[in-house]
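Overview (structure and organization)
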Amino acid sequence: MTDALIFILSTVFVLSVVVTIHELGHYWAARACGVAIDCFSLGFGPPLVSWRDKQGVEWRIASIPLGGYVRFSGDENAASVPDQDNLDAMRESIVRREGEEGVAKYFHFKPVWQRAIIAAAGPISNFVLAILIMAVFLVMVGSPQRAAVVNGVAPGGPAAVAGFKAGDVITAADGRKIATFQDLQGYVSLRANLPINFTVTRGEQQIHLTATPRLVEIQDKITGRMKTGQLGIENVSRSQFKRSTVLGAIPDATVEVWGMIKTIGFYLGRLVTGQLPADQISGLIGIGHTAGAVTKASAQGAPDVATMVLRVFISSMLLIASLSVSIGFMNLLPIPVLDGGHLLMYAYEAIAKRPLRADFQAAGFRAGLALILGFMLFAAWNDLNRYDVFKFIGGLFT
């Protein structure tokens with residue numbers, strides 16, 4: 001029961017921070033463009049708490065803390081997916097109600113470039129949040145680094161077959177610089193069954209070795225069972241923490257976040273093309289498990305309450321940064337319902353000089369919603385199997 005409570009509270013906390021920043025991005029961009037806003041809701045369902053600010057915006061904390069939204073004035077009618085005909089009808093209604101000057105404050109009558117900025121502002125806010133968190137972490141703690149030295153080679157493994165030897169220093173993979181063992185792990189883990197050309201320093205020689213990582217299943221205390229690429233190389237070097245300067249923190253953090261974005265894109269591409277098993281897709285349950293596991297691992301062994309709180313806070317913020325990048329990236333996918341889908345429609349409107357027909361938009365939104373719901377159900381099924389939930393439930397009745 002205690003574990004379940006930790007997992008639930010950790011999940012609500014990390015998701016609430018990420019979603020709030022995402023929706024505030026839309027909100028701030030809309031305000032900057034002069035768009036009238038009816039409601040800002042953290043969560044879905046009936047409101048637990050609500051209040052109105054001086055601009056008349058209703059702020060809500062709703063009963064289902066698994067998302068959020070910003071509702072612009074006029075979004076409650078059919079013109080939420082407008083074509084030229086119902087835009088004209090909407091304009092006439094607004095003019096009758098508020099006069100000609102009232103039209104300019106409605107989202108759908110803003111220039112397409114402003115609507116695109118508002119749509120993109122949510123994901124961009126997620127990336128900015130991640131950069132700021134990483135910048136603070138890099139200044140205060142630093143990034144852990146271990147030399148990419150081969151201390152041992154597993155017999156019969158891909159590294160042994162390729163000819164790696166103890167004492168080798170790996171300096172590049174497929175022409176990309178490998179500065180630390182963490183760089184090597186990150187590169188190899190995503191490339192199971194793909195041959196990699198390594199540049200290796202052996203004594204005073206520089207040689208090239210080609211190895212193909214194997215896809216293996218490991219049990220990770222944070223993420224649970226997962227499949228990853230491995231070479232069979234042992235590294236026992238101690239990690240050294242390299243801090244960034246205050247002036248260099250933002251650029252360094254931006255590089256880190258850009259690397260995370262590229263990693264997500266590459267991994268998703270391999271999943272979609274069937275190069276990696278689809279059972280690696282994780283969802284809300286996986287986020288909850290990771291958040292709870294991070295909280296427990298950070299709290300264990302703390303000498304006092306203050307240290308425990310600090311550890312939990314730091315680890316939770318790093319998880320928030322990672323999750324924020326993932327959610328920002330996923331929202332930019334060109335799927336109707338998501339921000340990327342809206343951006344795609346605005347691109348069409350900018351080129352065609354007219355919005356996409358409302359029936360096409362509505363059909364797209366329905367298809368996009370079905371796709372997202374199907375993805376969520378599939379991810380939930382994977383999570384239930386990954387964390388042996390079915391075995392646990394069965395054990396309760398045996």
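Structure: see above.
Now for a look at the structure at hand. All figures in this text were calculated on a predicted structure; none of them were measured in a lab.

It is worth spelling out the sheet that holds strand β5 (residues 169-173) at this point. Here we have four strands laid out as an open sheet, ordered β6-β5-β7-β8, and antiparallel in their pairing. Across the chains shown, the open sheet's two edge strands, defined by having one partner strand only, are β6 (176-177) and β8 (205-211). Bridging between β5 and β6 involves two bridges; their strand directions are antiparallel. Counterpart to A173 in the pairing with β6 is R176. In the packing of helix α5 (residues 181-189) onto the sheet, contacts are made with β5, β6 and β7 (196-202), and the angle to β7 comes to roughly 155°.

Across all of its chains, the model carries zero disulfides by this definition. C39 provides the cysteine sulfur closest to C33, a residue in no disulfide bond, and the two sulfurs are 20 Å apart. Its relative accessible area of 0% is what places C39 among the buried residues.

We now examine a nonpolar patch on the surface. The grouping of V337, L369, L373, F375 and M376 at the surface amounts to a nonpolar patch, some 440 Å² of accessible area in total. With respect to the helices and strands, L369 occurs in helix α10 (residues 358-386). L369 gets classed as partly exposed once you look at its relative accessible area, which sits at 44%.

Looking now at the nonpolar core. Judged by nonpolar contacts, the single largest core of 27 residues is most densely connected at V14, I133, A253, V257, I261, I320 and V325. Taken together, the elements giving at least two residues each to this core come down to α1 (2-32), α3 (112-140), α6 (246-272) and α8 (305-331). At eight residues, α3 tops the list of elements feeding residues into this core. Excluding residues within four positions of it along the chain, V257 makes contact with F127, A130, I131, M134 and V325. A162, Y187, V200 and I233 belong to the second largest nonpolar core, which has 20 residues in total.

So, about unusual backbone geometry. Phi is positive for N193, which is not a glycine, with a value near 70°. Along the chain, the position of N193 falls in the loop between α5 and β7. The backbone of V337 shows a phi angle near 95°, a positive value even though the residue is not glycine. Inspection of the secondary structure puts V337 in the loop between α8 and α9 (339-352).

The next subject is the pairing of strand β10 (residues 224-230). Every regular strand shows the same layout, with side chains that alternate between the two sheet faces. In terms of strand pairing, strand β9 (residues 214-220) meets β10 through seven bridges, oriented antiparallel. Note on β10: the bridge partner recorded for D220 is G224. Here β9 hands over to β10 after three residues, the two strands then running antiparallel side by side.

This model, assessed by the stated rule, comprises seven salt bridges. One salt bridge in this structure joins K105 and E98, with 3.0 Å as the shortest N-O distance. K105 sits in the partly exposed class, given a relative accessible area of 35%. A salt bridge links R115 to E349; the nearest nitrogen and oxygen atoms lie 2.8 Å apart. Note that R115 is positioned in helix α3 and E349 in helix α9, a separation of 234 residues in sequence. Assigned by exposure class, R115 and E349 land together as buried. Look at the salt bridges and you will find they share partners, linking R52, E58 and R60 into a network.

By relative accessible area, R115 is classed as buried at 7%. Engagement of the side chain of R115 in a polar contact is seen with the side chain of E349, the distance being 2.8 Å. When residues no more than four places from it in sequence are discounted, the contact partners of R115 are F107, H108, K110, Y346 and E349.

A complete count under the given rule lists six aromatic pairs for this structure. Seen in terms of ring centroids, Y27 and W59 are 5.0 Å apart; in terms of plane orientation they differ by 65°. Their pairing is edge-to-face. With a gap of 32 residues between them, Y27 in helix α1 and W59 in strand β2 (residues 58-72) connect regions that are remote in the sequence. For the pair Y27 and W59, a shared accessibility class is recorded, and that class is buried.

Definitions and limits used
- Positions within a chain are numbered from 1, following the residues in the order the chain's sequence is written.
- The model is predicted, so local features are restricted to residues of pLDDT at least 70 and side-chain atom pairs to those at 80 or more, both for listing and for counting; the totals for chains, interfaces and linings are taken over all residues.
- Side-chain calculation: all heavy atoms of the structure are included, whereas hydrogens and water are not.
- Strands qualify as paired when DSSP identifies two bridges or more between them.
- Strands here mean DSSP runs of E at least two residues long; helices mean DSSP runs of H or I at least four residues long; both are numbered from the N terminus.
- Contacts: residue pairs with any heavy atoms within 4.5 Å of one another.
- Throughout, an axis means a line fitted to C-alpha atoms (over the contacting stretch in the case of helices), and angles, computed between N-to-C directions, take values from 0 to 180 degrees.
- Criterion for a disulfide: a pair of cysteine sulfur atoms within 2.5 Å.
- Exposure categories follow from relative accessible area, calculated using a 1.4 Å probe and restricted to protein chains: below 20% of the type maximum is buried, above 50% is exposed, and the middle band is partly exposed.
- Every patch collects residues that have over 30% relative accessible area and no salt bridge, joining them within 9 Å if they carry like charges and within 5 Å if they are nonpolar side chains (Val, Leu, Ile, Met, Phe, Trp, Tyr).
- Here the Shrake-Rupley method, with its probe set to 1.4 Å, supplies the accessible areas, and only the displayed protein chains count as covering residues.
- For salt bridges, the criterion is a side-chain nitrogen of Lys or Arg within 4 Å of an Asp or Glu carboxyl oxygen.
- Throughout, nonpolar core names a set of buried Ala, Val, Leu, Ile, Met, Phe, Trp, Tyr and Cys residues whose side chains join them through atoms within 4.5 Å.
- Think of a polar contact as two N or O atoms within 3.5 Å of one another; within protein, one of them needs to be a possible hydrogen donor and the other a possible acceptor, and neighboring residues in sequence only count if both atoms come from side chains.
- For Phe, Tyr and Trp, rings pair up if their centres lie within 6.5 Å, where Trp contributes its six-membered ring, and each pair is then called stacked (planes under 30 degrees apart), edge-to-face (over 60) or tilted (otherwise).

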